[in-house]
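For reference, the chains in residue letters:
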Amino acid sequence: MDISVVIPLYNEEESLPELFAWIERVMSANGFSYEVIFINDGSADRSWQIIEQLQAKSNAVRGIKFRRNYGKSPALYCGFEQAQGDVVITMDADLQDSPDEIPELYRMITEEGYDLVSGWKQKRYDPLPKTLPTKLFNATARRVSGIKNLHDFNCGLKAYRNAVVKNIEVYGEMHRYIPYLAKNAGFKRIGEKVVHHQARKFGKTKFGGWNRFFNGYLDLISLWFLSTFGIKPMHFFGLLGSLMFFVGLVAVIIVGASKLYDMNHGMPYRLVTDSPYFYLSLTSMIIGTQLFVAGFLGELISRNAPERNKYQIEKMI
Ligand code: UDP
Ligand code: MG
């Protein structure tokens, strides 16, 4: 099978028939063998009935129905698990992404050798409160992930080599960072294609509001932390802890020694506990010890993690 189209959806009943008809048109015009996997993420409307109707008419249609709304990432995860095509294409269900991009995305993966090609909505038809945070978000994500050539991390329209989707774990709200997940899994050829974007035709956006902004940043921090220190927590906490402890120790020795010096030279002196520096160095030593212990505990935990020996093996002969 050439292509699996994976479509997560939540209350998108109006768009589905038009979307599928469009995909079908593009696929048969290009002679692709394909499947379309709809993941109904706990919709409260008639989306699932419509998927069943489409399924009755075409056996290219597959459907997964969640009992409740879990979010876009879990929906993608389950779609990825099922995908059989050599190239897997994800797109939103709301007709904002155009199926006409599929042939070119397919060509970039199969002929130009990309592992992942992300769409770039260069001209975007969304309101400003949505596009502005996205700009900031993308700038940060570029820096943290080191994937410098991507303008639009969170574009719903993306194409993957099949091996990529089988080897990344999209959970929580990590769909925003799939290129970063792919990079961490060792898929380095990540490209971009300018794609057409349209205003939402039916329904309304499921990702409004500012909390997506904060959650997005927290997720980015966890990802960065996991990929940098996840397997070696001691390298972070241990180093920081030892440094703090050492600084505190040196400082407390200086405080004590200067008192002894003053005593022996008949100068006025005071109790070490009267010096503010004593408390600073004490605090630094305590925090240092705690960081060190945190690193050690982290190390013990990661040693027991079920995935500690799961490595990305590309080939075996
Ligand atoms: N979506 C989903 N589960 C959710 C929220 C959204 O499957 O909990 C789907 C939604 O139906 C759409 C895609 O994710 O197909 C992108 O959502 P939306 O178009 O609302 O996001 P926007 O384009 O406004 O960023
Ligand atoms: Mg949309």
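Look a little higher up for the structure.
Bear in mind that the values here come from a model prediction, so they are computed numbers and not experimental data.

**Structural notes on the sheet that holds strand β4 (residues 87-90)**
With respect to topology, seven strands assemble into an open sheet ordered β3-β2-β1-β4-β6-β5-β7, the strand pairing being mixed. Each of the sheet's edge strands pairs with one partner strand only, and the pair in question is β3 (61-65) and β7 (190-194). Within the sheet, the average angular offset between the axes of one strand and its neighbour, ignoring direction, is 20 degrees. As defined by bridge partners, strand β1 (residues 3-9) adjoins β4 across four bridges and the pair is classed as parallel. Looking across to β4, one finds that Ile-3 is bridged to Val-87. Running at roughly 155 degrees to β1, helix α3 (residues 72-82) makes contact with β1, β2 (34-40), β3, β4 and β6 (158-161) of the sheet. Contacting β1, β4, β5 (116-120), β6 and β7, helix α4 (residues 102-110) crosses the sheet at an angle of about 140 degrees to β4.

**Overview of the site of ligand 1**
Neighbouring ligand 1 are 17 residues, the closest being Glu-12, Asp-41, Asp-94, Thr-205 and Lys-206. Here Thr-205 contributes a side-chain N or O atom positioned 2.5 Å from an oxygen atom of ligand 1. Within the complex, the protein chains bury 93% of what would otherwise be the 530 Å² of accessible surface of ligand 1. In this structure, ligand 1 is accommodated by the second largest pocket.

**A few points about the nonpolar core**
With 36 residues, the main nonpolar core has Ile-3, Val-5, Ile-7, Phe-38, Ile-89 and Met-91 as its most contacted residues. Mapped onto this core, the elements with two or more residues apiece are β1, α1 (16-30), β2, α2 (47-57), β4 and α4. A total of seven residues in this core trace back to one element, the largest contributor, which is α1. Every residue in contact with Val-5, bar those within four places of it in the chain, is listed here: Ile-23, Met-27, Glu-35, Val-36, Ile-37, Ile-89, Met-91 and Ile-102. Judged by nonpolar contacts, the second largest core, of 32 residues, contains Ala-75, Tyr-160, Tyr-177 and Ala-182.

**Notes on the coordination of the magnesium ion (ligand 2)**
Taken together, Asp-94 (OD) and Gln-96 (OE1) make up the full set of protein donors to the magnesium ion (ligand 2), lying 1.9 Å away. Each member of the pair, Asp-94 together with Gln-96, is buried.

**Considerations on empty space enclosed by the protein**
Within this structure, the stated rule accounts for two cavities of 30 Å³ or more. Of all the secondary-structure elements, those providing two or more residues to the lining of the largest cavity are α5 (128-145) and α8 (211-229). The element best represented in the lining of the largest cavity is α8, accounting for four residues. Considered as a void within the structure, the second largest cavity measures approximately 70 Å³ in volume. Lining the second largest cavity are 13 residues, with Lys-72, Leu-76, Thr-90, Cys-155 and Gly-156 sitting closest to its centre. For the lining of the second largest cavity, the secondary structure elements donating two or more residues are α3 and β6.

**Brief notes about unusual backbone geometry**
With phi around 55 degrees, Asn-11 is a residue other than glycine that occupies positive phi space. Topologically, Asn-11 is positioned in the loop between β1 and α1. Exposure remark for Asn-11: the relative accessible area of 24% places this residue in the partly exposed category. The phi dihedral of Leu-95 falls on the positive side, at around 70 degrees, and the residue is not glycine.

Rules used in this analysis
- Residues numbered from 1 in each chain as written.
- Chains lettered and ligands numbered in written order.
- Predicted model: local features only at pLDDT ≥ 70, side-chain atom pairs only at ≥ 80, totals over all residues.
- Heavy atoms only, no water.
- Pairing = 2+ DSSP bridges.
- Helix = DSSP H or I, 4+ residues; strand = E, 2+ residues; numbered from the N terminus.
- Axes fitted to C-alpha atoms, helices over the stretch in contact; angles between N-to-C directions.
- Contact = heavy atoms within 4.5 Å.
- Near = heavy atom within 4 Å.
- Polar contact = N/O pair within 3.5 Å; in protein donor to acceptor, adjacent residues only side chain to side chain.
- Areas by Shrake-Rupley, 256 points an atom, 1.4 Å probe, with all protein chains shown as cover.
- 1 Å grid on protein atoms, 1.4 Å probe; cavity = no way out; pocket = protein on both sides within 12 Å on 5 of 7 lines; lining within 4 Å.
- Sits in = over half its atoms within 2 Å of the grid points.
- Core = buried A, V, L, I, M, F, W, Y, C linked by side-chain atoms within 4.5 Å.
- Buried < 20%, exposed > 50% of the residue type's maximum accessible area, 1.4 Å probe, protein only.
- Donors = N, O, S within 2.8 Å, 3.2 Å for Na, K, Ca; no water.
- Points joined across faces, edges and corners; volume = space filled by probe spheres on them.

All we've got here are geometric facts, nothing functional implied.
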